[in-house]
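What follows is the residue order along each chain.
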Amino acid sequence: MHNQSKMKKIVVLTGAGISAESGLRTFRDSNGLWEEHRVEDVATFEAWQRNQALVLEFYNQRRKQLYEVKPNAGHMALVELEKKFDVQIITQNVDDLHEQAGSAKVMHLHGELKKVRSTVDENLVYTLDGWELKKGDLCEKGSQLRPHIVWFGEAVPMIEPAMELSAEADIFIVIGTSLNVYPAASLVYYIKKSTPVYLIDPHAEMLSGVKNLTVFREPAGTGVPMLVKQLMDSGL
Ligand code: APR
């Protein structure tokens, strides 16, 4: 076993695309729609105030589906990488497929589908028992529980630590994200100029301003194992 402190640091930024082959639809594939609602209109605090039942239903349906799917070869390959590198996952996904696959260090920028939190004290976070959060499910202080999700327009509390981790990366890997949503998308600009960037996405577009870029125009289930084999065989 390598001594962790000597291992090179790999930071992996993932988005909905890494979970697509597990059966969870990406936002772009469903052109941002859910049951004829625009995601931007449901995943917001205003929607929660205006139509709490709709927002509860949106997340209940996604949580229910999460219990029916499992990690794919892309998630599994990232676990393999941990044998030789110090791997930090930074994900925009709210599913727990990286954890289910066995990744040791996973940071969720946009929250976690299986967690809920108090609406009077955001530090009161609970793991939901089962897939359904209902009106009347209260926190220990008696307030309605809400999804532990960062809604559009809400602060992204983990973005500063994510920027610091990105700045320390020896290798930066981007998998399955359209890099449309900020501040998550800005992480690729916090890395050292010398840090090689690998982008895995079947519809990958070039990343402007990134010097040392290698693109795998492949789905994650194929592309991630390919890249991991390359990195494991390298002298790095
Ligand atoms: N393997 C890899 N990438 C894929 C695959 C696949 N099998 N299928 C699709 N993709 C790519 C698409 O080409 C696209 O670039 O995954 C990306 C998905 O982009 P989005 O649907 O925009 O998802 P994401 O980038 O994660 O969205 C970011 O926006 O909706 C909000 O908060 C939500 O975290 C989400 C954020």
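The text that follows walks through the structure, step by step, so that each part is easy to find.

About the thresholds
- Residues numbered from 1 in each chain as written.
- Predicted model: local features only at pLDDT ≥ 70, side-chain atom pairs only at ≥ 80, totals over all residues.
- Heavy atoms only, no water.
- Patch = residues over 30% accessible without salt bridge, like charges linked within 9 Å, V, L, I, M, F, W, Y side chains within 5 Å.
- Areas by Shrake-Rupley, 256 points an atom, 1.4 Å probe, with all protein chains shown as cover.
- Salt bridge = Lys/Arg side-chain N within 4 Å of Asp/Glu carboxyl O.
- Lys, Arg positive; Asp, Glu negative; His and termini not counted.
- Charge placed at Lys NZ, Arg CZ, Asp CG, Glu CD.
- Helix = DSSP H or I, 4+ residues; strand = E, 2+ residues; numbered from the N terminus.
- Buried < 20%, exposed > 50% of the residue type's maximum accessible area, 1.4 Å probe, protein only.
- Expected span 1.5 Å × (residues − 1).
- Arc of directions from axis to C-beta.
- Pairing = 2+ DSSP bridges.
- Axes fitted to C-alpha atoms, helices over the stretch in contact; angles between N-to-C directions.
- Contact = heavy atoms within 4.5 Å.

Together, Glu35, Glu36, Glu57 and Glu132 give the surface a local cluster of negative charge. With respect to the element layout, Glu132 can be found in the loop between strand E7 (125-127) and strand E8 (146-149). We classify Glu132 as partly exposed; its relative accessible area is 36%.

Bringing helix H8 (residues 220-233) into the picture now. Spanning 14 residues, H8 covers 19 Å between terminal C-alpha atoms, matching the ideal 20 Å at 1.5 Å per step. Among the residues of H8, those classed as buried are Ala220, Gly223, Val224, Leu227, Val228 and Leu231. Within H8, the buried residues cover an arc of 125° as seen down the axis, which keeps them to one side. Exposed residues lying more than 90 degrees from the buried face of H8 are Lys229 and Asp233.

Read from one edge of the open sheet, six strands run E5-E4-E1-E9-E10-E11, paired in parallel fashion. A single partner strand is all that each edge strand has here, and the edge strands are strand E5 (106-108) and strand E11 (213-216). On average, each strand axis in the sheet is tilted by 20° relative to the strand beside it, whichever way the strands run. Examined bridge by bridge, strand E1 (residues 9-14) and strand E4 (residues 86-91) share six bridges and lie parallel to one another. Across the sheet, residue Ile10 finds its bridge partner in E4, namely Val87. Of the strands in this sheet, E1, E4, E5 and strand E9 (171-175) touch helix H7 (residues 159-168), which is tilted by about 140° from E4. Against the sheet, H8 contacts E1, E9, strand E10 (197-200) and E11, and its axis sits at roughly 155° relative to E10.

Moving on: the pattern of salt bridges. One pass over the full model with this rule turns up 10 salt bridges. The residue Arg38 makes a salt bridge to Glu40 at a minimum N-O spacing of 3.7 Å. Relative accessible area serves as the criterion here: at 45%, Arg38 is assigned to the partly exposed category. Via salt bridges that share partners, Lys9, Asp86 and Lys105 belong to a single interconnected network.

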